[in-house]
Amino acid sequence: MKSISYDDFLKVDLRIGQIIRAEVFEKARKPAYKLWIDFGEELGVKRSSAQITQLYHIDELVGKRVVAVTNFPPKQIADFMSEVLVLGVDSKVGGVTLLGVDHEAPLGTRVY
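- Per an unreviewed UniProt entry, the chain goes by the name tRNA-binding protein and belongs to Laceyella sacchari.

See below:
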């Protein structure tokens with residue numbers, strides 16, 4: 001993979017948000033949830049589609065803090081406009097596990 005500069009990294013706006021609402025995304029081609037994520041006063045609430053159904057029940061998502069890319073252009077997925085990309089990694093047991101923070105950080109805090 002090609003190396004990038006720190007200035008290149010700073011072009012990606014990674015922020016801490018908190019999931020405030022989650023629904024099953026029935027029209028998605030692959031199993032997914034619709035998420036509404038609060039990024040604080042500056043960015044407000046943004047929506048995302050996330051294929052995280054293998055490891056997360058919908059009930060446990062509300063209140064969870066996540067890391068997301070907030071400066072990608074919105075993407076239409078079926079009848080839902082996804083505005084941010086929630087970050088995760090493949091887990092050993094299968095499925096995607098979400099990236100988060102160990103200690104509480106203010107909503108909208110930039111990741112660096």
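Let's talk about the environment of Asp 90
Inference 1: Note on placement: Asp 90 falls in strand β8 (residues 88-90).
Inference 2: Residues contacting Asp 90, with those up to four places away along its chain left out, are Gly 95 and Val 96.

Quick notes on the pattern of salt bridges
Inference 1: Summed over the entire model, instances satisfying the criterion amount to 8 salt bridges.
Inference 2: Close ionic contact of Asp 79 with Lys 27 constitutes a salt bridge, the shortest N to O distance being 3.3 Å. Placement of the pair is Asp 79 in the loop between β5 (75-77) and β6 (80-82) and Lys 27 in the loop between β1 (14-24) and β2 (33-38), with a sequence separation of 52 residues.
Inference 3: One salt bridge connects Arg 65 with Glu 104, and the closest N-O pair in it is separated by 3.5 Å. Placement of Arg 65 in strand β4 (residues 65-69) and of Glu 104 in the segment after β9 (96-98) is noted, with a sequence separation of 39 residues between them.

Here's the deal with unusual backbone geometry
Inference 1: Residues other than glycine seldom take positive phi values, yet Ala 78 does so here, at roughly 55°.
Inference 2: The exposure class of Ala 78 is partly exposed, given its relative accessible area of 45%.

Here we look at the environment of Val 96
Inference 1: Its location among the elements puts Val 96 in strand β9.
Inference 2: A relative accessible area of 24% places Val 96 in the partly exposed class.
Inference 3: Distance in space between the C-alpha atoms of Val 96 and Ala 50 is 9.3 Å, their sequence separation being 46 residues.
Inference 4: Sequence-distant contacts of Val 96, that is, excluding residues within four places in its chain, are made with Gln 51, Ile 52, Leu 55, Tyr 56, Gly 88, Val 89 and Asp 90.

Here we look at the sheet that holds β2
Inference 1: Spatially, β3-β2-β1-β4-β7 is the arrangement adopted by the 5 strands of the open sheet, whose pairing is antiparallel. A strand with exactly one partner marks an edge of an open sheet, and here the two such strands are β3 (45-50) and β7 (85-86).
Inference 2: Summarising the sheet, β1 and β2 pair through 6 bridges and their orientation is antiparallel. Within the sheet, the bridge partner assigned to Val 24 lies in β2 and is Tyr 33.

Analysis parameters
Residues numbered from 1 in each chain as written. Predicted model: local features only at pLDDT ≥ 70, side-chain atom pairs only at ≥ 80, totals over all residues. Heavy atoms only, no water. Helix = DSSP H or I, 4+ residues; strand = E, 2+ residues; numbered from the N terminus. Contact = heavy atoms within 4.5 Å. Salt bridge = Lys/Arg side-chain N within 4 Å of Asp/Glu carboxyl O. Buried < 20%, exposed > 50% of the residue type's maximum accessible area, 1.4 Å probe, protein only. Pairing = 2+ DSSP bridges.

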